[in-house]
Amino acid sequence: MNNNTLSEIITSEDLSAAYKSKVIWEHANISVKKGEFIGLLGPNGAGKTTMFRLLLGLSKPSSGTLKIFNEEPKKGNIRIGYVPQRRFIDTENKIESLEYVRLGISGTRFGFNLPKHASKERKMALDTLTSIDALNLAYRPLSELSGGEMQRIFLAQALIGKPDLLLLDEPLANLDIRRESELIRLVNNVVKHQNVAVLLIAHDINPLLPFVDRIIYIANGRVASGTPGEIVTSKRLTALYNAPIEVLKGSKGQLAVLGIEEAVHNHG
Amino acid sequence: MVEFFATLNNSGFSYNLLSDLQNMWQYTFMQHALEVGTIVAVVAGIVGYFVVTRRLSFAAHALSHVGFAGAAGAVLIGVNPLTGLLVFTSAGGLAMAALGKRAASRDVQIGTVLAFMMGLGVLFINLYKGYATEAYSILFGEILGISKTDVLITLAMGLLILLIMAIVYRRLLFSSLDEDVSEAKGISVLGISILFMLLIAIATSIAVQVVGVLLIFALMVTPAAIAQRLAHKPSQGIIISVITALLATWFGLFMAFYIPYPVSFFITSSVFTVYILVRIFQSIGHSKTSIDESISVTS
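Since this is a predicted model, take the numbers as computed values, not measurements.

1. Topic: the overall build of chain B
Logical step 1: When helices and strands are tallied, chain B shows 14 helices and 0 strands.
Logical step 2: Counting from the amino terminus, helix and strand elements in chain B follow one another as α-α-α-α-α-α-α-α-α-α-α-α-α-α.
Logical step 3: Relative to its 299 residues, chain B shows a buried fraction of 52%.
Logical step 4: Within chain B, counting contacts between residues at least 6 apart in sequence, those at least 24 apart form 77% of the total.

Have a look at this one:
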């Protein structure tokens, strides 16, 4: 991929985040280009979701600048699709998945829905579901879907507004290895075919390594970014996590990281 | 009122529904009851759907208890109890919403305030040295003693709720089903929860006339809980919830006219019966469909 031809959609300079007066992380200089697939990694409580909140305009940086699509972050930016971390789904509620997807475009409107608009929205929702191979879930109640199926619906809801950037917060949590890899492939397809940039928060780097263009690490109050080859080295990860981490190289140059799970749990 | 009923000039069911209804309609108090009952059922059905979706049923229950103190206080100082209800429930609703989005789901805090408000209501009733019937009708509803003024207040409040609902419907739905995403999409979660708590407060106040403070669940929660289990679309859910509340209210009024039992008893027992039936049929149906899991995909 020729990165020079892609325009930057997120840039930050000396960006810092704080909760009340406590610094979460500081001096972050990151950039994200159109159509990039980026893994956002780091231990629990390191401030990964905080990064999302800044991008969504839900929190303000404590210092530094952050630009998204060459503007200050603002709430309700229609160019961003967002899938928050695990949501509570009421099992008594039998609302079909299609309705959740529809809310991605209609949920912020005032007034009643005219039948003409409603059928147009439904068609958009069905098209979006088709594009991620989830049409078979459309009429099933969301509360009866499996974890992986739910993530597809949330992804469709985030994609229906045709965003340029997707923020996915721990979509792989609670998925088994097969569903995990299915979802990553799906997200990767979205990146490649719909030219959407994706920031994906995850705990485990290994399933992401074959797909992501770059990785942003947040740990111990610092933010580092680079290609997997640059950043996934024993030395850098050990320094970031402040715990011994080993990076193994396979015969074809594949990378595997050992010790992160332990480091994450120790930070707890 | 129950005794009064027995003395009415009606000879029980005539097996001619039309003449039965005509017979009922002769009485002004029955007209008022039907008018208020209908407005309340529609409003409670709609608001209730969101109460259940937002898991605020205990908060709604508590608000009606806050209203008890308001109604009893109003009786004490010689004001219309409905006014007292509206003032107290609105203040309570605003306080709950302002305490933060999570406050409305904290049982212990809400329960503590609820008990205090009921205690306050008991004191007011006691100070009034009036009739125990006042307390009784606030607690269990007194739809057959509704004045023309109350009908008009109920109508105005009902229309206000419907108007606000029509404007914010989709935003309210989005924030109810998917709070985090709706917030990121630019919906003010705090703003919408304050607004909705006010709507619950008003809906509860007018519904207390029909089923009373203690039985508010019957109109504000149970029909919506039935709807939630049956509906696959929010609009369907609201329709089912409204129809259930309407039928239960009309059924209650009709039955109470001919059988000297309280209206609220008939309303609560009919929605309860439907709820149980739905649960039973669903558990039977569920064990069936889980065997042949076929989902039709048609557009």
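From this point on, the discussion continues.
2. A few points about the environment of Ser-21 of chain A
Residue and element names in this part refer to chain A.
Logical step 1: Assignment of secondary structure puts Ser-21 in the loop between β1 (8-19) and β2 (22-28).
Logical step 2: When its relative accessible area of 73% is taken as the criterion, Ser-21 is described as exposed.
Logical step 3: For Ser-21 and Ser-62, which are 41 residues apart along the polypeptide, the C-alpha to C-alpha distance reads 9.0 Å.

3. Notes on helix α2 (residues 97-106) of chain A
Think of an α-helix as turning once every 3.6 residues; residues three or four places apart then point the same way.
Logical step 1: With respect to burial, α2 of chain A is a largely interior element, 10 of its 10 residues being buried.
Logical step 2: For α2 of chain A, the set of buried residues is Ser-97, Leu-98, Glu-99, Tyr-100, Val-101, Arg-102, Leu-103, Gly-104, Ile-105 and Ser-106 of chain A.
Logical step 3: Among the structural elements, α3 (115-131) and α4 (147-159) of chain A together with α8 (148-177) and α13 (234-258) of chain B are those in contact with the buried residues of α2 of chain A.

4. Section: the side chain of Gln-157 of chain A
Logical step 1: Within the secondary structure, Gln-157 of chain A is located in helix α4.
Logical step 2: In this structure Gln-157 of chain A comes out as buried when scored by relative accessible area, which is 2%.
Logical step 3: Excluding residues within four positions of it along the chain, Gln-157 of chain A makes contact with Arg-87, Tyr-100, Val-101, Leu-103 and Gly-104 of chain A together with Phe-174, Asp-178 and Val-181 of chain B.

5. Examining the pairing of strand β11 (residues 246-249) of chain A
Logical step 1: Two strands pair when backbone bridges link them, and β11 of chain A and strand β12 (residues 255-258) of chain A are joined in this way by 4 bridges, in the antiparallel orientation. Opposite Lys-249 of chain A, over in β12 of chain A, you have Leu-255 of chain A as the bridge partner.

6. Topic: the confidence of the model for chain B
All names here are of chain B.
Logical step 1: Averaged over chain B, the pLDDT score is 87; the fraction of residues at 70 or greater is 89%.
Logical step 2: Here residues 291-299 is modelled with pLDDT under 50, and outside its nearest four sequence neighbours on either side it reaches 9 contacts, counting other chains as well.
Logical step 3: Model confidence for the complex is summarised by a pTM of 0.88, with the ipTM given as 0.88.

7. Description of the pairing of strand β7 (residues 165-169) of chain A
For a regular strand, the rule is simple: side chains alternate between the two faces of the sheet.
All names here are of chain A.
Logical step 1: With 5 of 5 residues buried, β7 is to be regarded as a mostly interior element.
Logical step 2: A two-sided burial pattern is seen for β7, the buried positions comprising Leu-165, Leu-167 and Asp-169 on one face and Leu-166 and Leu-168 on the other.
Logical step 3: As paired elements, strand β6 (residues 80-83) and β7 share 4 bridges and run parallel to each other. Paired with Ile-80 across the two strands is Leu-165, which belongs to β7.
Logical step 4: The pairing of β7 with strand β8 (residues 197-202) spans 5 bridges and is classified as parallel. Opposite Asp-169, over in β8, you have Ile-201 as the bridge partner.
Logical step 5: As for the winding sense of the linkage, the β-α-β connection from β7 through helix α5 (residues 177-194) to β8 is right-handed.

Conventions used here
- Residues numbered from 1 in each chain as written.
- Chains lettered and ligands numbered in written order.
- Predicted model: local features only at pLDDT ≥ 70, side-chain atom pairs only at ≥ 80, totals over all residues.
- Heavy atoms only, no water.
- Helix = DSSP H or I, 4+ residues; strand = E, 2+ residues; numbered from the N terminus.
- Buried < 20%, exposed > 50% of the residue type's maximum accessible area, 1.4 Å probe, protein only.
- Contact = heavy atoms within 4.5 Å.
- Pairing = 2+ DSSP bridges.
- pLDDT = per-residue confidence, 0-100.
- Right-handed = clockwise from strand over helix to strand, strands pointing away.

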